[in-house]
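Residues per chain are reported as follows:
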Amino acid sequence: EHKDSLPPYTAEEIGFPGVHLKSIGVDGKLETFFEDFEFDLKFAVDSSESVPEVDVKADVSRLNHNDFSFTFDINSEGEHHAVVRVFLCPRRDSNGVVFTFEEGRWNCIEMDKFWTKLAAGDNHVVHKSSDSSVTVPDVPSFRTLIEEAD
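What you see is a predicted model, and the numbers here were worked out from it, not measured in a lab.

Colleague: Got a minute to help me understand the environment of H127 in this structure?
Modeller: By the secondary structure assignment, H127 is in strand β7 (residues 121-128). With relative accessibility at 12%, the residue H127 sits in the buried group. Measuring from C-alpha to C-alpha, the distance between H127 and E102 comes to 29 Å, with 25 residues separating the pair along the chain. Beyond its immediate stretch of four places on either side in the chain, H127 contacts F68, S69, F70, D112, F114 and S132. Of the polar contacts made by the side chain of H127, one reaches the side chain of D112; its length is 2.6 Å.

Laid out in structure tokens, this is it:
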């Protein structure tokens, strides 16, 4: 609702004169899946000198994805720093009816956002999912951090 209260972007705000997106692609399969993941909760419980340490772990399901890369072929009339934003938007609703742009935009998700330097002429930009601003790598467990610190 908040975004609907804002004025629409102007052509000057959203345009990028002299920069032309020629093609977009995905290397790899955009596929998500649930997997079991083990959390180390050893440091989530109180410890004491009189009680021996015990391993405390929790298995949870989490959403993950296969690796993929976005590819962009961009022609630029000059050198520029550019922000690339990638959105995934459904074309149809659950009944197969094509969304209008106004309806569909509410179902879009941002897949990535990153800076790139464009040279004058043709540019082939590849951005890996592992470098994405919206995906995060696994956080090392406390045990791993302690072992690496010793």
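Colleague: Any chance you could explain the pattern of salt bridges here in plain terms?
Modeller: Inspection of the entire model under this criterion finds five salt bridges. Residue E38 is joined to K57 by a salt bridge in which the shortest nitrogen-to-oxygen separation is 3.8 Å. In this pair, E38 sits in strand β2 (residues 32-40) while K57 sits in strand β3 (residues 57-65), placing the two residues 19 residues apart along the sequence. A relative accessible area of 46% means that E38 is categorised as partly exposed.

Colleague: Please clarify how the sheet that holds strand β1 (residues 19-27) should be interpreted in this entry.
Modeller: Sheet strands line up and pair through hydrogen bonds in the backbone, either parallel or antiparallel. The strand order β1-β4-β7 describes an open sheet built from three strands, whose pairing is antiparallel. Looking at which strands have only one partner, the edges of the open sheet turn out to be β1 and β7. Ignoring strand direction, the axes of neighbouring strands in this sheet form an average angle of 15°. Strand direction decides the pairing type here: strand β4 (residues 69-76) and β7, joined by eight bridges, are antiparallel. Considered in β7, the bridge of D73 is made with H124.

Colleague: What am I meant to see in the side chain of D112 here?
Modeller: Along the polypeptide, D112 turns up in strand β6 (residues 109-118). Salt bridges are absent for the buried D112, whose nearest opposite-charge side chain, K113, sits at 8.9 Å. Here S133 takes part through its backbone nitrogen, which lies 3.3 Å from a polar atom of the side chain of D112.

Colleague: Please clarify how the pairing of β4 should be interpreted in this entry.
Modeller: One face of the sheet, then the other: side chains in a regular strand alternate in exactly this way. Most of β4 is tucked away, with six of its eight residues classed as buried. As paired elements, β1 and β4 share eight bridges and run antiparallel to each other. Residue D27 lies in a different strand from β4, and its bridge partner there is S69.

Criteria and cut-off values
- Residues numbered from 1 in each chain as written.
- Predicted model: local features only at pLDDT ≥ 70, side-chain atom pairs only at ≥ 80, totals over all residues.
- Heavy atoms only, no water.
- Helix = DSSP H or I, 4+ residues; strand = E, 2+ residues; numbered from the N terminus.
- Buried < 20%, exposed > 50% of the residue type's maximum accessible area, 1.4 Å probe, protein only.
- Contact = heavy atoms within 4.5 Å.
- Polar contact = N/O pair within 3.5 Å; in protein donor to acceptor, adjacent residues only side chain to side chain.
- Salt bridge = Lys/Arg side-chain N within 4 Å of Asp/Glu carboxyl O.
- Pairing = 2+ DSSP bridges.
- Axes fitted to C-alpha atoms, helices over the stretch in contact; angles between N-to-C directions.
- Lys, Arg positive; Asp, Glu negative; His and termini not counted.

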